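Summary of the model geometry
Below are the chains, spelled out letter by letter.
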Amino acid sequence: MRPYFGAQFGNASSIHHHGQETRAAVEGARQSVASLLGCRASEVVFTSGGTEADNLAIFGLVAEADHVITSTVEHHAVLNACKIWNRKGATSPTCRSMTAVW
């Protein structure tokens, strides 16, 4: 992706030539990752960072009545997302933190 961060920069959502080249590169990368993982390209989601990925996993995949178990050494992005779920009430997933035992 390095060329697309500089000289070949283009918004992958735009319709102009540079944007479409960037979009093709992103889709090619998505297909490569999917092939590596043995899944469909539509199942590969790129995020801008770890916190966004954590939120996508927790808010996008955890369903009502699910249980999420974390540890005290979990990243704050996960712990904070779980705290939000816990504030939503009885219809939300239950998030509990376990104390790590070494």
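Residues numbered from 1 in each chain as written. Predicted model: local features only at pLDDT ≥ 70, side-chain atom pairs only at ≥ 80, totals over all residues. Heavy atoms only, no water.

Things to note about the overall build of the chain
Counting its regular elements, the chain contains 3 helices and 2 strands. Seen in sequence order, the chain has helices and strands lined up from the N terminus as α-α-β-α-β. Looking at the 102 residues of the chain, the share that counts as buried comes to 22%. Here the analysis covers contacts within the chain between residues at least 6 apart in sequence; of these, 40% occur between residues at least 24 apart. (Helix = DSSP H or I, 4+ residues; strand = E, 2+ residues; numbered from the N terminus. Buried < 20%, exposed > 50% of the residue type's maximum accessible area, 1.4 Å probe, protein only. Contact = heavy atoms within 4.5 Å.)

Some points on the nonpolar core
Residues Ile58, Val62, Val68, Val78, Ala81, Cys82 and Trp85 constitute the largest nonpolar core, which totals 7 residues. Here this core gets 4 residues from one element, more than from any other, and that element is helix 3 (residues 76-87). Excluding its chain neighbours within four sequence positions, the residues that come into contact with Ile58 are Val78, Ala81, Cys82 and Trp85. (Core = buried A, V, L, I, M, F, W, Y, C linked by side-chain atoms within 4.5 Å.)

Some words on the environment of Asn80
Tracing the backbone through its elements, the reader meets Asn80 in helix 3. Judged by relative accessible area, which is 41%, Asn80 ranks as partly exposed. When the C-alpha positions of Asn80 and Asn55 are compared, they lie 9.4 Å apart, and in sequence the two are 25 residues distant.

Considerations on the pattern of salt bridges
Inspection of the entire model under this criterion finds 2 salt bridges. Of the charged contacts, one joins Arg40 and Glu43 as a salt bridge, the two residues approaching to 3.6 Å between their closest N and O atoms. Looking at Glu43, the relative accessible area reads 44%, which means it is partly exposed. (Salt bridge = Lys/Arg side-chain N within 4 Å of Asp/Glu carboxyl O.)

Examining the packing of helix 2 (residues 50-61) against helix 3
Between helix 2 and helix 3, whose axes approach to 9 Å, the crossing angle comes to 35 degrees. For the element pair helix 2 and helix 3, the recorded crossing hand is right-handed. Between helix 2 and helix 3, the contacting residues are Thr51, Asp54, Asn55, Ile58 and Phe59 on the first element and Ala77, Val78, Ala81, Cys82, Ile84 and Trp85 on the second. Of the residues assigned to the contact of helix 2 with helix 3, the class counts are 8 nonpolar, 2 polar and 1 charged. (Axes fitted to C-alpha atoms, helices over the stretch in contact; angles between N-to-C directions. Left-handed = near helix turned anticlockwise from the far one by under 90°. Nonpolar A, V, L, I, M, F, W, Y, C, P; charged D, E, K, R; others polar.)

Overview of helix 3
An ideal rise of 1.5 Å per residue puts 16 Å on 12 residues; helix 3 measures up with 16 Å between its terminal C-alpha atoms. Taken together, the buried positions of helix 3 are occupied by Ala77, Val78, Leu79, Ala81, Cys82 and Trp85. (Expected span 1.5 Å × (residues − 1).)

Examining the side chain of Arg30
Position of Arg30 relative to the elements: it lies in helix 1 (residues 17-37). Polar side-chain contacts of Arg30 include one of 2.7 Å to the backbone oxygen of Val44. Excluding residues that lie within four positions of it along the chain, Arg30 makes contacts with Ala41, Val44, Val45 and Phe46. (Polar contact = N/O pair within 3.5 Å; in protein donor to acceptor, adjacent residues only side chain to side chain.)

That is the geometry; function is a separate question.
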